[in-house]
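Read off the chains here:
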Amino acid sequence: MALNPFAKAAILTIAVAALALVVVSQLDDARAGSLRKSVELVSFESESSRLVSEYAQLGDGDPCMFANFTTSLQKERAYSLAEKLGDYQRSNMVGADYEAIKRAYFVSLAELHIRTLENARKCPQYAEIPVLFFYREAPPDCPECRLQNEALVLAAQRCGNVRTFAFPVNANYSFIQLLVGKYKVQKVPAMVIDERELVDTIQNQDQIVAMLEKDGAACS
Amino acid sequence: MFGIFCLAAAVVALLFVSYQTVTLFYSLLTVYIFFVFLTIWLDGAWRTISPPKPAKWPGVSIIIPSYNSASTLRDCVAACKRLRYAGKAEIIVIDDGSTDGSCESLRIAGVKVFRKENGGKASAMNFGIKKASYGRIVCVDSDSYPREDALEKMVPYMEEDSKVGAVVLFICVSRPKSLLAKVQEIEYWVSYGFFLKALDSIGGLYVTPGPMALYRREVFEKLGGFEEKNITEDMEIALRMQKNGWKIRACHQSVVYTEAPDTLQGVFRQRFRWFRGGFANVIKYFDMFFNEKFGAFGFFVLPLILVAGFFASTFMLWILASWAKSALSLVLPSLGNMKTLGDFIVSAPGSLDYMAVDSVFIFSIFCTLIWCFFVYKSFQITGNRFGPKHAVPMALLLFAFPLFLGFTFLASYAAEFTGLKRGW
């Protein structure tokens, strides 16, 4: 029986839709896989820091001798990884549970932040200056957040002992909302430098370096 | 009225549906529509079977309605005089109350000139039909220039079948100079080339374009003349013909060249009238929608006209709402946190990551590939080859022109909904 063009087109469309579903689901799994690896690195670093701290407490010697032993989280990864998570989650139709990956990521990041603060208090000679960066997850898009992050990353790269942690203010995680409330973050993008100074106006790279140097960062 | 209500309700409903659902549905629909045209083409629309020459060539009255067309009228009349035709033909110019003296100095042998009070193009054509002597009527816009063989190729299509009420032809832009005119040139090739040929093969022609169209006089006698208050009377008469069982055929071997606006303002005015008139006409003939009496025309062509305009204007509405919100949030920062559906469209991923691919992207690839096939075939129909000079107009046609048209659709629908006075 000869099919009319409308029926043929319907069959072709269903075939294309099925193909798209298969391809996107494969991509979703691949994307989720690569993101999980990155998130696991953050978790590993957080766990390593915790273990180092506990080992140091067990020993009789100087607890700070192990304080410098951490694998370095690539400083520019924090925000871009979170942004990638957001993009993939928006593109996601089937398959991977990006919410679970995102949750694990931000929990690990928050733990790493706490370790950094503990380290700074116990071993000031090895302390890193933490910079909390608050942004807004799309939608709606926050181009000024992206801009500010680029300046912050470049500034952090110039300063050896600075570590950045990026958190979205519109994520519904209690520990992030705690930080937002603690530092009274009203608008984004916003930075909290060394737990003290809230900066919620756009700063360029040199301005951020000047602020970090004021807090004791060793910048070039 | 009911149709307008349904559409307004649909737009409001869309505001509460998620962006992903809407874009997925729209993408799937676009893929389906493109596949329909592709299968229509491959099923046989690509064939050109010329009808036999008639044993006796009927007399033809060429009517040229004119209003203040001093810059183009003489060239139009000259082109009509050069038409090769074995039967009898007359040229009638209807001066619709021009104030530029364009018709007063028009004294050309074999051309009849009649003057009337200004009443619009449709009234001028109706006036000309009454003055016409013959049974075949050709309406030619005063800024259009038919090729010499246009008439002798169109007439056999009408004579082959007594149910053919109108024959349309291939419309090309005349001497495009500006980039905007070149964009429209390619647009016309695709619209009046590929799509017109495809629609012709399923009896789906919904307009007898103003630049030039051939009519059987009997159509006007039985259905009445052009609707004089209608701003797209060429579409209205075509829909009326389809509703009353008349066929409309397309003759791609015939070509007419027409002037296209070469300013954005000019294009906006033209398309605003087209879209507004088109919407009003489609609502007027709403009873043809999904009516099995009209076959593919009722099930596919008419809904397609409405869907295309509906989605174009809805997406543009969302984009404008998002831009307005961004601008207003400079004054009212709290607005910046408000989510609008348009935000999804205007926000782009921070990095062009190849991995940020979703199903809509894959459908877009398919649609783009099929579109390239349509464009390739359109160039073939026109006898042109795609070259470097077409690259920039093509890119604009693909990426910029749709935004402009979306805005025009939105403006025209808003004008229609608010009851703004219609005019040329």
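This one's a predicted model, so the numbers in the text were calculated from it and none came from an experiment.

## Brief notes about the overall build of chain A
From N to C terminus, chain A includes six helices and four strands. Moving toward the C terminus, one meets the helices and strands of chain A in the order α-α-α-β-α-β-α-β-β-α. Looking at the 220 residues of chain A, the share that counts as buried comes to 47%. For chain A, long-range pairs separated by at least 24 residues make up 74% of all intrachain contacts whose partners lie at least 6 apart in sequence. With an accessible surface of roughly 10800 Å², chain A has 58% of that area assigned to carbon and sulfur atoms.

## With respect to the overall build of chain B
Counting its secondary structure elements, chain B contains 14 helices and eight strands. Put simply, chain B has 424 residues, and 54% of those count as buried. Carbon and sulfur atoms provide 62% of the accessible area of chain B, an area that totals close to 19300 Å².

## Considerations on a nonpolar patch on the surface
A cluster of nonpolar side chains, namely Leu51, Tyr55 and Leu58 of chain A, defines an oily patch on the protein surface of about 370 Å² accessible area. Of note, Leu51 of chain A is situated in helix α1 (residues 5–58).

## Describing the packing of helix α6 (residues 179–201) of chain B against helix α13 (residues 391–399) of chain B
All names here are of chain B. For the pair α6 and α13, interaxial distance at closest approach is 9 Å and the crossing angle is 75°. Viewed along their axes, α6 and α13 adopt a mutual orientation that is roughly perpendicular. For the pair α6 and α13, the contacting residues are Leu179, Lys182, Val183, Ile186 and Glu187 in the first and Val392, Pro393, Met394, Leu396 and Leu397 in the second. Its residues assigned to classes, the contact of α6 with α13 comprises eight nonpolar, no polar and two charged.

## Some words on the state of the cysteines
A disulfide bridge is the covalent bond that connects two cysteines by way of their sulfur atoms. Residue and element names in this part refer to chain A. Evaluation of the coordinates by the stated rule reveals one disulfide over all chains. In this model Cys159 forms its disulfide with Cys219; the gap between the sulfur atoms is 1.9 Å. With the S-S dihedral at roughly 105°, the linkage between Cys159 and Cys219 falls on the right-handed side. Of this pair, Cys159 sits in the loop between α4 (143–158) and β2 (162–168) while Cys219 sits in the segment after α6 (205–214); the two residues are 60 residues apart in sequence, bridging distant segments of the chain.

## Re the side chain of Thr39 of chain B
Its place among the elements puts Thr39 of chain B in helix α2 (residues 19–45). A polar contact is formed between the side chain of Thr39 of chain B and the backbone oxygen of Pro5 of chain A, at a distance of 3.3 Å.

## A few points about the packing of aromatic side chains
Counted according to the given criterion, the structure contains 34 aromatic pairs over all chains. Arranged with centres 6.1 Å apart and planes meeting at 20°, the rings of Phe133 of chain A and Tyr135 of chain A form a pair that is stacked. Among the aromatic residues, those joined into a ring-pair cluster are Phe6 of chain A together with Phe34, Phe37, Trp41, Phe194, Phe195, Phe300, Trp371, Phe373 and Phe374 of chain B. Here the guanidinium or amino end of Lys163 of chain B rests over the ring plane of Trp246 of chain B, the centre of that ring lying 4.7 Å away.

The rules we used
Residues numbered from 1 in each chain as written. Chains lettered and ligands numbered in written order. Predicted model: local features only at pLDDT ≥ 70, side-chain atom pairs only at ≥ 80, totals over all residues. Heavy atoms only, no water. Helix = DSSP H or I, 4+ residues; strand = E, 2+ residues; numbered from the N terminus. Buried < 20%, exposed > 50% of the residue type's maximum accessible area, 1.4 Å probe, protein only. Contact = heavy atoms within 4.5 Å. Areas by Shrake-Rupley, 256 points an atom, 1.4 Å probe, with all protein chains shown as cover. Patch = residues over 30% accessible without salt bridge, like charges linked within 9 Å, V, L, I, M, F, W, Y side chains within 5 Å. Salt bridge = Lys/Arg side-chain N within 4 Å of Asp/Glu carboxyl O. Axes fitted to C-alpha atoms, helices over the stretch in contact; angles between N-to-C directions. Parallel < 35°, antiparallel > 145°, perpendicular 65-115°, else oblique. Nonpolar A, V, L, I, M, F, W, Y, C, P; charged D, E, K, R; others polar. Disulfide = S-S within 2.5 Å. Polar contact = N/O pair within 3.5 Å; in protein donor to acceptor, adjacent residues only side chain to side chain. Phe/Tyr/Trp six-rings, centres within 6.5 Å; stacked < 30°, edge-to-face > 60°. Lys NZ or Arg CZ within 6 Å of the ring centre and 35° of its normal.

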